[in-house]
Structure formats: C-alpha cells, structure tokens
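Residues per chain are reported as follows:
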Amino acid sequence: KRAGAKQVEEFPETLSDFSVSYRDESLFMEDVSLERIVDAVGTPAYVYSQAHIQAQYKKLAEAIKAVDYRVHYAVKANSNLALLKLLGNLGAGYDIVSGGELSRVLSAQGDPGSVIFSGVGKATHELDLALKAGIECFNVESAGELDRLAERAALLSVVAPVAIRFNPNVDAKTHPYISTGLQENKFGVLKDQALALYRRAAESEHLRVYGIACHIGSQIAEPTPLIRALEEMLSLRRELAQQGIEIDHLDLGGGFGVRYRDEPEFDVGLWGREVARLLNGTGLRISIEPGRFLTANAGILLSRVEYLKEAVEDAKSFAVVDAAMNDLIRPALYGAWHEVVPVCNDLQGDRLPWDIVGPICESGDFIAKQRTLTLKQGKLLAILSSGAYGATLASNYNTRGRAPEVLVHKDNWRLVRRRENLQDQLITELP
Ligand code: LLP
C-alpha cells in the first residue's frame, strides 16, 4: 500500500452495510455527522441508526410473510428502552430472559401479551412477575421449572401458557460459547424428555400447552441448521399428536447471522422459503426471536485515541483508545472481529498495523488487532457492528462508567441513555 494513500480505499466498500458512510472525509450515520455527536456527548459512546433497524425488520418480515409469523425481538441483544419502543412500533413482540427484561418491556409500553420468556434458570420471583403480567408464553427448559411454574400459577390462580424448549441436537456451526442446540449444551431438553414434559404439562390444570420452542445458537451463517432444527420440531409435533397433544405454534428462536467482516449476511430469503415449504398445509403459527440481525449493524461505538505506542524494533504498535472491554467485550470474549474506521478520514501519513487496545489492566482488553490505519493521538474511531451485545454486555470493570447511547433518525439524533457517572456506580455500596 502507498504510504499517504487515502485510507478510504482500504475500508469495506459497503460501509453502508454497517450504517455509516463518508461524506467527503467525514463519517456520517444517516444524515448526522458523527463528529457532531462526539462534540455533544463525548467518547466512548454508542450510536444507533433507526433506519437500519427498520430496514432489517422489513427484510425479515418480507422473507417470512408467506407464513403466519410474529417477530419477538430478543431483548438481550440491545435492551435500550428507545429501541424496545421502536421495535414495538414496528410490530414486534419480545423475547426476554429475565424479570429485569420484562420490566424494561413494560417500561417501554410493550404489550405483555407479546412476551415470550426464555432462559434456563428462571427464578421464582421472575416467574411470578411474568405470571402477573400475563405474558404470551413460558419457554420451559426443565422438569423442575415446569413443576415450579405450575405451583406458582396455582398460587396466583392463573393458567400458564407453556412451550417446552426442545434441544434438537443440531449443530449451529457457530462459536462454541453461543451454540445452544447440541446435546452437550445446557439448554432445552432432548426429545424423550420433551415428550414426558408435554404429558406432564397437559395433565396440569394450571398449565396450558402453547407450543414448541427451539433456539440452537447465535450468529448462524446459513439456513441449513435452522431448517434441520425445524424438521426435528415437526417430527416432535407429530409424536405429540399421536399422544393426543395438539400443537399449533412453533417458536423457531433467533440466531440469524450478520456481517462483521466479509462474511455474507444470513440469507433470510432462502430461509423463509424453506420454512414456508415445511409449514405448508400445517396451519402452524410461528414466532422468531431475532436479536443480532435487527441491531448489530445498526450500531457503532465511538472512541478516541488517547496514546500511541509505536513499535520499537520487532514489537507491536499499540493505539490506546478510550473504549475498552467493559464497553465492548466481544473481541475479548469470542475473539470477535469488529471493523474499525476513522471518523475523519483526513490523515495522510504512514499506515501501520496497530493493535487497538483499551485502558483496562488486562492484556485481553483489546478492540481489534493488527489493523492498518493512519493514526495520531486524539483521532476519533468508529468501531462498527456494535449495536448487538455491545451495550448490554457492558460492565463497570475498573470503575468505568457505562457509555451513553444515541439514536440517530435521519438528520436528528437524541441521547437515549446518558453516560453513567461515578455517583451512579457508588450509590449501591455500603462501606
Ligand atoms: N432466543 C434465545 C433463546 C437466545 O438465547 C438468543 C440469544 C436469541 C433468541 C437471540 O439470538 P440472536 O438472534 O441475537 O443471534 N453475546 C453473544 C451472543 C449471545 C446470544 C445469546 N442468546 C455475542 O455477542 O455474540
């Protein structure tokens, strides 16, 4: 590469897939300059594009419109109230995994009747909260949970709608930490146990069999594993019917992969056609629980270069930035790749391979490794594809406050979460 060449030629030509684009040398999200946002809220900061979320939602809805479906947004991907509201307005229900997430949905005026409660370890107080709210369905993962749910429903004099989370033993071919549909994973129950749990649920006067649920993993590259899981669900449904238990609702889970680097986005069109083919004539209604697909590439994390530590001899060059693993843990936890581009693409000079690292006292605190960029102190960077499992996985490690979140819509933007201050952090402690 020529030294001093414009960097823009290095970056993915399709930056728009990541909700950003250069206007002259300046990076924009929709019609808002990202420098302008930094001037107002500082760094690190998360910024989300409303248009991207809407477009992704439409893409999914279009792909699956031949069947009777409902999208239940997986709240854990990004639980900001503004995003929950936005998705609710688009017609989404919600997939939650805690009482806290249910409270968020309610705070965002979400309909409790559109809520599916997933998760392997629901606590009694969480079951109670959801029973009182009157949610759509509990996706039950064990015999103990089924019994506890029936008990709590009896105490509250209600009937709980249930699906059993079925583990189809299908390999989602993704990172082992986010693979959930294999026998070795803690999630769901295998077929024989599922049959037994359905019989038990059918006999309980405080449980109503609502459907079959399945979620085999996240960041799934292509439809085949999801289609295989659906075939397994249909076979379980046939066996249930033979035992007199009729099922008219399937929850196919989430997991649709997105582009982080150069991988293609999950082909929802192909997936939708396969689902429609398999469901044809069954009269089944389905739910899907996408998280990442809707929000990952809607979001970026803005960060500023604090210091440059240039390589001496064979050592590496480090760019120390003000975002860290407490803001975005995906690189440290999964070895995930996030594209990094300058907010102002104006530097002429030597391009060097940099390790982009945070200020946290761990060598695992890195955002990206060996990225060829022209950098100087104070430069602003955008860390792309950070809209899902970014802010929701943030922590206070090293007593760092959580970053603010901004929602961009056309030429407007607004703060949807302020920066966490020290007082926010210390208030719960009792010295
Ligand atoms: N439904 C259930 C039951 C889930 O457990 C998940 C994600 C989803 C839906 C949504 O999956 P998605 O459509 O977003 O792939 N922190 C990891 C991802 C963890 C996914 C956990 N479960 C990451 O940053 O890659």
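Above this text sits the structure in question.
We now turn to the structure provided with this report. (Residues numbered from 1 in each chain as written. Predicted model: local features only at pLDDT ≥ 70, side-chain atom pairs only at ≥ 80, totals over all residues. Heavy atoms only, no water.)

**Overview of the overall build of the chain**
Rule in force here: Secondary structure elements are taken from DSSP: a helix is a run of H or I of four residues or more, a strand is a run of E of two residues or more, and numbering for both begins at the N terminus. This radius of gyration counts C-alpha atoms alone. The globule rule is 2.2 Å times how many residues there are, raised to the power 0.38. Partly exposed describes any residue whose relative accessible area lies between the buried limit of under 20% and the exposed limit of over 50%, with all areas from a 1.4 Å probe on protein chains only and scaled to the type maximum. In this description, contact between two residues means that some pair of their heavy atoms is separated by no more than 4.5 Å. Using the Shrake-Rupley algorithm and a 1.4 Å probe, accessible areas are obtained, with residue cover drawn only from the displayed protein chains. Positive: Lys, Arg. Negative: Asp, Glu. His and the chain ends are not part of the count. For charged residues, the charge sits on one atom: NZ in Lys, CZ in Arg, CG in Asp, CD in Glu.
Across its full length, the chain holds 12 helices and 20 strands. A compact globule built from 431 residues should have a C-alpha radius of gyration of about 22 Å, and the chain, at 23 Å, falls within 12% of that. By its C-alpha atoms, the chain is 75 × 55 × 45 Å across when sized along the principal axes. By the burial criterion, 55% of the 431 residues in the chain qualify as buried. Here the contacts in the chain between residues at least 6 apart in sequence split such that 71% fall between residues at least 24 apart. For the chain, the exposed area adds up to about 18,400 Å²; of that, 48% sits on carbon and sulfur atoms. Counting 48 positive and 57 negative side-chain charges, the chain places the averaged centre of each group 2 Å from the other.

**Some points on the nonpolar core**
The line we're drawing: Put simply, buried Ala, Val, Leu, Ile, Met, Phe, Trp, Tyr and Cys residues joined by side-chain atoms within 4.5 Å make one nonpolar core.
Counting 101 residues, the largest nonpolar core has Phe138, Leu250, Trp271 and Ile356 as the members making the most contacts within it. When residues in this core are grouped by element, the largest group, 8 residues, is from helix H8 (residues 224–242). Sequence-distant contacts of phenylalanine 138, that is, excluding residues within four places in its chain, are made with Phe117, Leu127, Ala130, Leu131, Leu149, Ala160, Pro161, Val162 and Ala163. Core analysis: the second largest hydrophobic core is formed by 22 residues, Val20, Tyr22, Leu34 and Val343 among them.

**What about helix H9 (residues 268–279)?**
Defined as follows: Helix span, expected: 1.5 Å multiplied by one less than the number of residues in the helix. Working definition: the arc comes from the directions between the helix axis and the C-beta atoms, pointing outward to the latter. Any N or O atom pair separated by 3.5 Å or less is treated as a polar contact, with the protein-specific requirement of one donor-capable and one acceptor-capable atom, and with residues adjacent in sequence counted only for side-chain atom pairs.
Its 12 residues place the ends of H9 16 Å apart at the C-alpha level, agreeing with the 16 Å of an ideal helix rising 1.5 Å per residue. Where H9 is concerned, the buried positions are Val268, Trp271, Gly272, Val275, Leu278 and Leu279. On an axial view of H9, the arc spanned by its buried residues comes to 130°, and they lie on one face. Within H9, the exposed residues directed more than 90 degrees away from the buried face are Arg273 and Arg277. Tucked inside the fold, the buried residues of H9 contact helix H2 (50–63), H8, strand S11 (249–251), strand S12 (285–288) and helix H10 (292–295). At the N-terminal boundary of H9, the capping side chain belongs to aspartate 267, with an oxygen 3.2 Å from the backbone nitrogen of glycine 269. At the exit of H9 stands glycine 281, carrying a positive phi of roughly 85°.

**Here's the deal with the packing of helix H6 (residues 143–155) against helix H7 (residues 191–203)**
The line we're drawing: Lines fitted to C-alpha atoms define the axes here, with helix axes fitted over just the stretch in contact, and angles between the N-to-C directions of these axes take values from 0 to 180 degrees. Note on angle classes: values under 35 degrees are labelled roughly parallel, values over 145 roughly antiparallel, values of 65 to 115 roughly perpendicular, and the remainder oblique. Polar here means any residue outside two lists: the nonpolar Ala, Val, Leu, Ile, Met, Phe, Trp, Tyr, Cys and Pro, and the charged Asp, Glu, Lys and Arg; Gly therefore counts as polar.
The N-to-C vectors of H6 and H7 enclose an angle of 10°; their axes lie 11 Å apart at closest approach. In terms of orientation, H6 and H7 fall into the roughly parallel class. Contact residues: Ala143, Leu146 and Asp147 in H6; Leu197, Arg200 and Ala201 in H7. Of the residues in the contact of H6 with H7, the class split is 4 nonpolar, no polar and 2 charged.

**Regarding the sheet that holds S11**
Cut-off, in case you're wondering: Between any two strands, pairing holds if DSSP finds at least two bridges.
One closed barrel holds the 8 strands; their spatial order is S5-S6-S7-S8-S9-S10-S11-S12, and the pairing between them is parallel. Averaged over all adjacent pairs, the angle separating strand axes in this sheet is 30°, with direction ignored. Note that strand S10 (residues 207–213) and S11 share 2 bridges and pair parallel. Residue pairing across strands places alanine 213 opposite aspartate 251, the latter belonging to S11. The sheet strands contacting H8 are S10 and S11, and the helix crosses S10 at an angle near 145°.

**Let's talk about the pairing of strand S16 (residues 352–357)**
The pairing of strand S14 (residues 317–321) with S16 spans 4 bridges and is classified as parallel. Looking at S16, one finds that serine 317 is bridged to tryptophan 354.

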